[in-house]
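Fold and contact review
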Amino acid sequence: MDLVVRCARLPQPGETVAALSYEQISGGKGANQAVAAAKAGAEVSIVGRVGDDAFGQLLISRLEQLGVHCSSMMVTPQCESGMALISVEESGQNSIVYVEGANGRLVPNDVLQVRNLIESSDTLLLQLEIPLETVIAAMQIAKQAGVRVILDPAPVPPSLPAELYEVDLICPNESEAQQLTGIMIDGIETAEAAAKELYSRGARHVAITMAERGTLLFDEKGARVVAPFKVNAVDTTAAGDAFAGALAVAWAETGNLEMAVRFGNAAGALAASKAGAQPSMPSREELISQWPHWQETD
Ligand code: ADP
């Protein structure tokens, strides 16, 4: 849960300032991507943990309202839900303190409990806001069952375990790709070098998202840029989550990754054109009515 206060200016250390507004905004990469995938038309279950505080129930009920199945969400007693305390000043500068809370309590045994759910899915979409050993456990279940695995490697940990590169698709944004590879990305050529490096570490496909410049895709066919959609960007916060959720759906549906990346680009662009996170994730109808020819990748 993001607790967002707006203020005229951020307080200095030791200073107290009054908030101009306060909001409780549902967040979390996994939750945002689950909503993006559900709104893009898939049947989506989320696996995770919340605390036994009031935010836990609120997070779950909001996810259910947006069409995400939450029967595999677990509650950790005597623990707070994961949250971020976000202060934003009028200039747009912000400062963020986060509390890992129950997200840090999702252990490998929890995903073993939902083995059937993972095994019966088309796609497992992973992020890194839970312990890495749990991400690995979920990935292993999926791989053994032949379920497609997509990893959004965010937030980037100090060291990403080697086996986590061995997925069907890894989809970092430019700064994440840079953190993972140590390659400074300042254009298509350097993005391609980073993508090649991630591919050499074992990812079958690599998609580096580049905001208004679209997405660089790299795999055995080489590198190509999947074109962006033009929008007037107002809030790019959850663009990457919209991209990942929608891409996962379109890839499962069409089996065509270029087409899926194009659909992800459309979702990222539409998300960037609107303020807000989960409730403003683009629906399938919105995407298709805005860009009826999204399948044309040229
Ligand atoms: P993140 O939110 O993780 O930083 P990006 O900003 O790269 O990720 O956005 C993800 C995808 O959303 C991009 O690959 C692109 O297709 C789309 N997108 C994001 N911002 C814009 C924008 N301003 N205009 C058009 N498309 C955008």
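Going by the structure above, here's the rest.
What you see as residue numbers is a count from 1 along each chain, following the sequence as written. Where local features are concerned, this predicted model is filtered to residues with pLDDT of at least 70; where side-chain atom pairs are given and counted, the filter is 80 or more; whole-chain, interface and lining totals use all residues. Processing note: side-chain calculations cover all non-hydrogen atoms of the structure and skip hydrogens and water entirely.

Moving on: the side chain of Arg262. Put simply, DSSP H or I for four residues or longer makes a helix, DSSP E for two residues or longer makes a strand, and each gets a number counted from the N terminus. In this structure, Arg262 sits in helix α9 (residues 257-272). Among the polar contacts listed, one links the side chain of Arg262 to the backbone oxygen of Ala227, at a separation of 2.8 Å. Pairs of N or O atoms are called polar contacts if they sit within 3.5 Å, as long as, within protein, a hydrogen donor faces a hydrogen acceptor (for residues adjacent in sequence, only side-chain-to-side-chain pairs).

Attention now moves to unusual backbone geometry. Across the junction of Ala154 and Pro155, the peptide omega takes the value -10°, indicating a cis bond. With respect to the helices and strands, Pro155 occurs in the loop between β10 (148-151) and β11 (169-170). The phi angle at Gln78 is positive, at roughly 50°, despite the residue not being glycine. If you trace the backbone, Gln78 turns up in the loop between β6 (73-76) and β7 (83-89). Residue classification places Gln78 among the exposed residues on the basis of a relative accessible area of 76%. One non-glycine residue, Ala211, adopts positive backbone phi at about 50°. Only protein chains enter the calculation, and the probe is 1.4 Å; a residue is then buried if its accessible area is under 20% of its type maximum, exposed if over 50%, and partly exposed in between.

What follows is about the sheet that holds β11. Taken together, the 6 strands give an open sheet; going across it, the order is β9-β10-β11-β12-β13-β14, and neighbouring strands pair in mixed fashion. If you trace the sheet from one side to the other, it starts and ends with β9 (123-126) and β14 (222-226), each paired once. DSSP-based pairing: two strands are paired if at least 2 bridges between them are found. One ladder, built from 4 bridges, connects strand β12 (residues 205-209) with strand β13 (residues 215-219); its direction is antiparallel. Within β13, the residue paired with Ala207 across the bridge is Leu217.

Proximity criterion: a residue is near a molecule or strand once any of its heavy atoms comes within 4 Å of it. Asn173, Thr209, Ala211, Gly240 and Asn265 are the nearest of the 17 residues found near the ligand. In this structure, an oxygen atom belonging to the ligand sits 2.8 Å away from a side-chain N or O atom of Thr209. Within the backbone of Gly240, an N or O atom sits 2.9 Å from an oxygen atom of the ligand. Computed by Shrake-Rupley with a 1.4 Å probe, the accessible areas treat only the displayed protein chains as cover when residues are assessed. Relative to its free-state accessible area of 550 Å², the ligand is covered by the protein chains to the extent of 88%. Contributions of two or more residues to the shell around the ligand are made by α8 (239-254) and α9. The leading source of residues in the shell around the ligand is α9, at 4 residues.

Quick look at the packing of aromatic side chains now. Here the aromatic set is Phe, Tyr and Trp, taking the six-membered ring for Trp, and pairing holds for ring centres within 6.5 Å; pairs whose planes are under 30 degrees apart are stacked, those over 60 apart are edge-to-face, and all others are tilted. Counting across every chain of the model gives 2 aromatic pairs. Here Tyr199 and Phe218 contribute two aromatic rings whose centre-to-centre distance is 5.3 Å and whose plane-to-plane angle is 70°, an arrangement assigned as edge-to-face. Of this pair, Tyr199 sits in helix α7 (residues 188-200) while Phe218 sits in strand β13, and the two are 19 residues apart along the sequence. Judged by centre distance (4.4 Å) and plane angle (40°), the ring pair of Phe229 and Trp291 falls under tilted. Taken as a pair, Phe229 in the loop between β14 and α8 and Trp291 in the segment after α10 (284-290) lie far apart in primary sequence, 62 residues in all. Its relative accessible area of 11% is what places Phe229 among the buried residues. In this arrangement the basic side chain of Arg148 is found over the ring face of Trp251, its NZ or CZ atom lying 3.8 Å from the centre. Two thresholds decide whether a charge sits over a ring: the Lys NZ or Arg CZ must be within 6 Å of the ring centre and within 35 degrees of the ring normal.

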